[in-house]
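Structural characterization, general
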Amino acid sequence: MTYDVHFRYAQALDPSGLDSLAACLHAVQAAAKDCRNAGLPFESDPAVILLARHLGEVATALMPDRAALRGLCAEALADLARKPVLATLAARGVSHDDAAKRLFHAEARKALRRLADALHLSPADYDLRVCAGGPAVSGEVILHADHLYVQVALSGYGAGEILFRRVAGRQDYSGGSNHWAGIRELLHPDRLAARLAHELGLELPQVVEPRLVA
């Protein structure tokens, strides 16, 4: 059943009580919901548009200098670039935060691919999978090769966020003794690859540097 209410029109005509960003955002969202309930497109609803314009006015009054805002955003981006996402997520956790958990899975997959490259593994040499787990845990992101198993999780098990061990094939899910590393080690794949090879007795292929011939 569709229905429409007059409240959003009245509020749009007199938004004097909406004096904070939170109040304005709530009003815009509520008005858009009313439109959907009435089967109307909220993008062209005059009340929604008026309330959105009022939101812009309140935001402008709070910080009128657009150039300063852009500068603050640029500084925030630069600061985030100095703080790797995986390390930040490990520090804050992702429990009961679906967006953060998805980001952790995506970033851990990227990092494990870089580790695989450092180990000179081609995509056909390993499996990369995610065990999501429940909402209270981060789940695990796993690289499983013929002789190596690496698992990244933020659930607090063991002596670090990275578990690695030697295995006897991709169907071996228990393998040898567990070894542990901290999440920041994953940010330096070449060093971590060398540590894995040393502790697990893996042989890394020798990479011959090209020489310039005179």
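Residues numbered from 1 in each chain as written. Predicted model: local features only at pLDDT ≥ 70, side-chain atom pairs only at ≥ 80, totals over all residues. Heavy atoms only, no water.

Turning to the pairing of strand β2 (residues 140–145), a few remarks are in order. Moving residue by residue along a regular strand, the side chains alternate between the two faces of the sheet. A large share of β2 lies buried, amounting to five of its six residues. Bridging between strand β1 (residues 126–131) and β2 involves six bridges; their strand directions are antiparallel. The residue of β2 that forms the bridge with V130 is V141. The pairing of β2 with strand β3 (residues 148–153) spans five bridges and is classified as antiparallel. By the bridge assignment, H144 is partnered in β3 with Y149. Where β2 folds back onto β3 in an antiparallel hairpin, the turn is made up of two residues. (Buried < 20%, exposed > 50% of the residue type's maximum accessible area, 1.4 Å probe, protein only. Helix = DSSP H or I, 4+ residues; strand = E, 2+ residues; numbered from the N terminus. Pairing = 2+ DSSP bridges.)

Turning our eyes to something else, we now look at the side chain of Q11. Relative to the helices and strands, Q11 resides in helix α1 (residues 7–13). With residues up to four places along the chain from it excluded, the contact list for Q11 reads L18, A27 and L51. (Contact = heavy atoms within 4.5 Å.)

Secondary-structure assignment places H105 in helix α6 (residues 98–118). The contact partners of H105, leaving out residues within four places of it in the chain, are V130, A132, S138, G139 and V141.

Let us look at unusual backbone geometry. Positioned with a positive phi, H96 is a non-glycine residue whose angle comes to about 55°. Locating H96 in the fold gives a position in the loop between α5 (85–92) and α6. A relative accessible area of 61% means that H96 is categorised as exposed. A positive phi angle, near 60°, is found at H120, a position not held by glycine. Structurally, the position occupied by H120 is in the loop between α6 and β1.

For the rest of this paragraph, the subject is a nonpolar patch on the surface. Nonpolar side chains collect at one region of the surface, where L21, L25, L62, M63, L69 and L72 lie side by side and expose about 500 Å² of accessible area between them. For the nonpolar patch, the elements supplying multiple residues, two or more each, are α2 (21–37) and α4 (66–81). Structurally, the position occupied by L21 is in helix α2. Take L21: its relative accessible area is 36%, and that puts it in the partly exposed class. (Patch = residues over 30% accessible without salt bridge, like charges linked within 9 Å, V, L, I, M, F, W, Y side chains within 5 Å. Areas by Shrake-Rupley, 256 points an atom, 1.4 Å probe, with all protein chains shown as cover. Salt bridge = Lys/Arg side-chain N within 4 Å of Asp/Glu carboxyl O.)

A separate point is the pairing of strand β4 (residues 162–166). Most of β4 is tucked away, with four of its five residues classed as buried. Sheet analysis places β3 next to β4, joined by five bridges and oriented antiparallel. When the sheet's bridge partners are listed, Y149 is paired in β4 with R165. The pairing of β4 with strand β5 (residues 179–181) spans three bridges and is classified as antiparallel. Paired with L163 across the bridge in β5 is W180.

The values reported here are purely geometric and, on their own, carry no functional implication.
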